[in-house]
Each structure stands twice: as C-alpha cells, then as structure tokens.
Amino acid sequence: MMSTGDIVLAMAREHGFEIAGIADARPSDYADHVRRWVADGKHGSMDWFADDLEVRLDPVRLLRGAKSVLCVADRYAVPKRDPLSDAWPPRGRVARYARGDDYHIVMRKRLRRLAARLRALFPSERFRIANDLLPVLERELAARAGVGRVGKHTLVLRPGEGSYLLLGEVLMTLDIPTTPSSMIADPCGACTQCIDACPTRAIEAFSVDASKCLAYTTIEHRGTIKDELQEQTGDWLFGCDVCQEVCPHNEPTRRNASVAVASWYAPRQTDFDLLSVLGWTESDRQSLLVRSALRRAQLSMWKRNALVCLGNALTVRRDDAIIARMQAVADDALEDDLVRATARRVLERLSQRLV
C-alpha cells in the first residue's frame, strides 16, 4: 500500500514534475544569515525581499498549520556552452531560463491543477502553491526535500546532472516525512570555479551579493548601472549564466546529456540584435516577448542594457555608425531619462577608451 508521501510524489510526476521531494515546513535553518544579508544591503533595491523577510523565514506564516512542503523542479536546459558570436552589429545574450516559455506560467498552471487534485483527495487538509507567487526560501526547501543540493553559487544543483532547474512548491498541512536523499551534502568540495569566474565578483562561498550580480543589475535593478558593473556585463543583455557555465556539474557528459528537458523551455530566443532593441517601442516589447520571462525587464531597462552591451562591444571593435546611433539616443528629448543617462555615460567611457 502506498504511503501518503508516495501518493503525493506520484501525483507530482503525473503533472510533469519528474523531480520532486517532500520537505518539512519548519522555519529556516539560516535565518540569522539571511537577516545579516539583508542588513548588509546585499539584496540591492529589491525592497520586496526585505519587506517579506520574516514571512520568508517561516512557511507556517503563509499557510497556518503547514507541516510539509512538496518541492518540484523542471529542467530547462542541458549543459552546454553558447557558441562564440562574431555577429556585427553585436548581439546580446539572455539567460537560459528565459529563452523558452515563461516558467511562472508553465509551472503555475500545473501546480494549481496538482493542488486541486490534492484538495479533492485530502478534503480535510489545506494546500497553497508558491512558485514565486509567495515569499519562500525555495532553494533551502528544495535542498531539504532532496530535490538537489545548494552549490557555492547558491543555486540548486543535482550532482552530475547540473543546475539548470526551475523550482516550485506546494505548502501542505499534510504531515509527511521528509524525502530521504543519498546526495552528498556539499556538492562543491574545494571547487571555486563559480567564484573565480563571476564577472563582478558577486559570489562568495554559498552567498551572492545580489547588488553586484548581473542577474540583478540587468533584470531587477531599475536605475543606472554602476560603471564598474557596466564594464563587466559583457554581452549579457538579460541575466547571466557564467557561474553555471563553469560549474563542473554542468560539464557536458553522457549522463547529463540524456536528462530530460521540459519541452516548454525549448529556446525561442537566445539573443537579440542590440541596435534593434534601441528602436523598440513598448508595443514591440510586448509582442516580441509574449509568454516570456523576458518581460520582467521594463522597456527602459532593455534599452539601458543594450547600450551597456554595445559599449562593451565597441571597446573591442570601433564602429562610428553605432556610436552615432548611441549619441542620437543620448540627445533624444523624448527618450526615457534612464536610457539617455546610460547612453551619455557609455559614450563618456568610450571616449576615454578610444582616444
């Protein structure tokens, strides 16, 4: 006879979640560390993280009487490097998680259907889905549930299979034992490749200063990007995968090449022509990024990021026509102030480099 936990995990698999586990709903084991991280301003301008901090630290605050958390994961990419691009005009890359359909939508639909089935099967219990809808420390919960282990880059990885995982949760009043796991607790050992490769030196062992991370500066931060971070942005237009690209667990092997990747995340757009982005209207952004997590960044942020990437490309190969286009943006009184300010600063940096 199947246990309650086995039934729940089987239902998760029926809804397309090949990776799933159960965690207990106790408060965070790292509450003091997270509070210090926020106190040190390492969350940057993400005030929503600080505002909901105490709720994040204790799942019971989100679902009264919660005893267990069903944690699930989708694989969204196979381990491989992007080929070097020599395209000109230059193009800007987007992080792998945002190259296919928006995982928020994809996972949320299945989690809602899964929660509905659980309510029907266990009518005296209560269930609530998370998946970025609610403030939870999902990586800690995923590790606790045996979905994976947290690497030094702070991302959940499955040893030998990689870290390209998207996470979701269902909080439950069901009292189910934590899923046992044979995974090694520390999947990194003495390895520091992610720390060494981070363009902005945002990573310390098992901690990331989000205010320096390109995933923050290009997606979450809505102001100007600091000069020193602009120079390290390279061609990352939206997000960054560097720490994952160098992770030994993401080295292409026969084992991880055969792991299943959910079809929803098949890449539709891996990069964008940077000059085209400068010409986007809001209507263009909406239509070009339909069903995509790329819509997280506002139009002004897309143009800001494109200007930064163009500036970096121009330090390697001068192109007076592109410089003139950037100057036109800087002089355009109808353009957003953030975009104009970024264009002016990038041009100033170029003038110092191209003398």
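Look above for the structure.
Residues numbered from 1 in each chain as written. Predicted model: local features only at pLDDT ≥ 70, side-chain atom pairs only at ≥ 80, totals over all residues. Heavy atoms only, no water.

What about the nonpolar core?
One finds Leu70, Tyr97 and Trp302 to be the most contacted residues of the largest nonpolar core, which totals 63 residues. The element contributing the most residues to this core is helix α14 (residues 299-314), with eight residues. When residues no more than four places from it in sequence are discounted, the contact partners of leucine 70 are Val8, Leu9, Ala12, Ala20, Gly21, Ile22, Leu114, Gly168, Glu169, Val170 and Met172. (Core = buried A, V, L, I, M, F, W, Y, C linked by side-chain atoms within 4.5 Å. Buried < 20%, exposed > 50% of the residue type's maximum accessible area, 1.4 Å probe, protein only. Helix = DSSP H or I, 4+ residues; strand = E, 2+ residues; numbered from the N terminus. Contact = heavy atoms within 4.5 Å.)

Points about the sheet that holds strand β11 (residues 271-273)
Spatially, the three strands line up as an open sheet ordered β10-β3-β11, and their pairing is mixed. Two strands close off the open sheet at either side, each with one partner strand: β10 (236-238) and β11. Strand after strand, the sheet turns through a mean of 40 degrees between neighbouring axes, direction not considered. Relative to the sheet, α14 contacts β3 (91-94), β10 and β11, its axis offset from that of β10 by approximately 175 degrees. (Pairing = 2+ DSSP bridges. Axes fitted to C-alpha atoms, helices over the stretch in contact; angles between N-to-C directions.)

Some remarks on the side chain of arginine 99
Assignment of secondary structure puts arginine 99 in the loop between β3 and α5 (103-121). A polar contact is formed between the side chain of arginine 99 and the side chain of aspartate 82, at a distance of 2.8 Å. Not counting residues within four places of it along the chain, the set of residues in contact with arginine 99 comprises Asp82, Arg93, Val94, Ala266, Pro267, Arg268, Gln269 and Thr270. (Polar contact = N/O pair within 3.5 Å; in protein donor to acceptor, adjacent residues only side chain to side chain.)

A word on helix α16 (residues 337-353)
Helix length check: α16, at 17 residues, gives a terminal C-alpha distance of 24 Å against a target of 24 Å (1.5 Å per residue), a fit within 8%. For α16, the complete set of buried residues consists of Leu338, Val339, Thr342, Ala343, Val346, Leu347, Arg349 and Leu350. The arc that holds every buried residue of α16, seen down its axis, measures 160 degrees, which confines them to one face. Exposed residues on α16 whose side chains face more than 90 degrees from its buried face are Asp337 and Gln352. Against α9 (227-231), α14 and α15 (320-331) lie the buried residues of α16. The N-capping residue of α16, defined by a side-chain oxygen 2.8 Å from the backbone nitrogen of leucine 338, is aspartate 336. (Expected span 1.5 Å × (residues − 1). Arc of directions from axis to C-beta.)

A short note on the pairing of strand β2 (residues 68-75)
The buried count for β2 comes to eight of eight residues, which makes it a mostly enclosed element. Burial of β2 is two-sided: the residues Ser68, Leu70, Val72 and Asp74 facing one way and the residues Val69, Cys71, Ala73 and Arg75 facing the other way are all buried. Sheet topology places strand β1 (residues 19-24) next to β2; six bridges connect them, and they run antiparallel. Among the inter-strand pairings, glycine 21 is bridged to a residue of β2, identified as cysteine 71. In the sheet, β2 pairs with strand β7 (residues 165-172) via eight bridges, with the strands oriented antiparallel. Its bridge partner being in β7, serine 68 is matched across the sheet by methionine 172.

Focus: the sheet that holds β1
In space, the four strands of this open sheet follow the order β1-β2-β7-β4, with antiparallel pairing throughout. A single partner strand is all that each edge strand has here, and the edge strands are β1 and β4 (127-129). In this sheet, neighbouring strand axes are inclined to one another by 25 degrees on average, regardless of whether the strands run parallel or antiparallel. Pairing geometry for β4 and β7, over three bridges, is antiparallel. The residue bridging arginine 128 from the neighbouring strand is leucine 171, located in β7. Set on the sheet, helix α1 (residues 4-14) makes contact with β1, β2 and β7; between it and β1 the angle comes to about 145 degrees. Each of β2, β4 and β7 is contacted by α5, which is oriented at about 30 degrees to β7, the strand it contacts most.

Considerations on the side chain of glutamate 138
With respect to the helices, strands and loops of the structure, glutamate 138 is situated in helix α6 (residues 138-144). Arginine 139 provides the closest opposite charge to the buried, salt-bridge-free glutamate 138, at an N-O distance of 6.0 Å. If near-sequence neighbours (up to four positions away) are discounted, glutamate 138 is found in contact with Asp132, Leu167 and Glu169. (Lys, Arg positive; Asp, Glu negative; His and termini not counted. Salt bridge = Lys/Arg side-chain N within 4 Å of Asp/Glu carboxyl O.)

Let's talk about the pattern of salt bridges
Under the defined criterion, the tally for this structure stands at 27 salt bridges. Residue aspartate 227 pairs with arginine 345 through a salt bridge whose shortest N-O separation is 2.6 Å. Of this pair, aspartate 227 sits in helix α9 while arginine 345 sits in helix α16, and the two are 118 residues apart along the sequence. Residue classification places aspartate 227 among the partly exposed residues on the basis of a relative accessible area of 22%. Accessibility expressed as a relative area gives 25% for arginine 345, which makes it partly exposed. Arginine 345 is paired through a salt bridge with glutamate 348; the nearest N and O atoms lie 2.7 Å apart. Placement of both arginine 345 and glutamate 348 in helix α16 is noted, with a separation of three residues, approximately one turn of the helix. Here the salt bridges do not stand alone but share partners, grouping Asp82, Arg93, Arg96, Arg99, Asp235, Asp241 and Glu245 into one network.

Interpretation in functional terms is not warranted from these geometric data alone.
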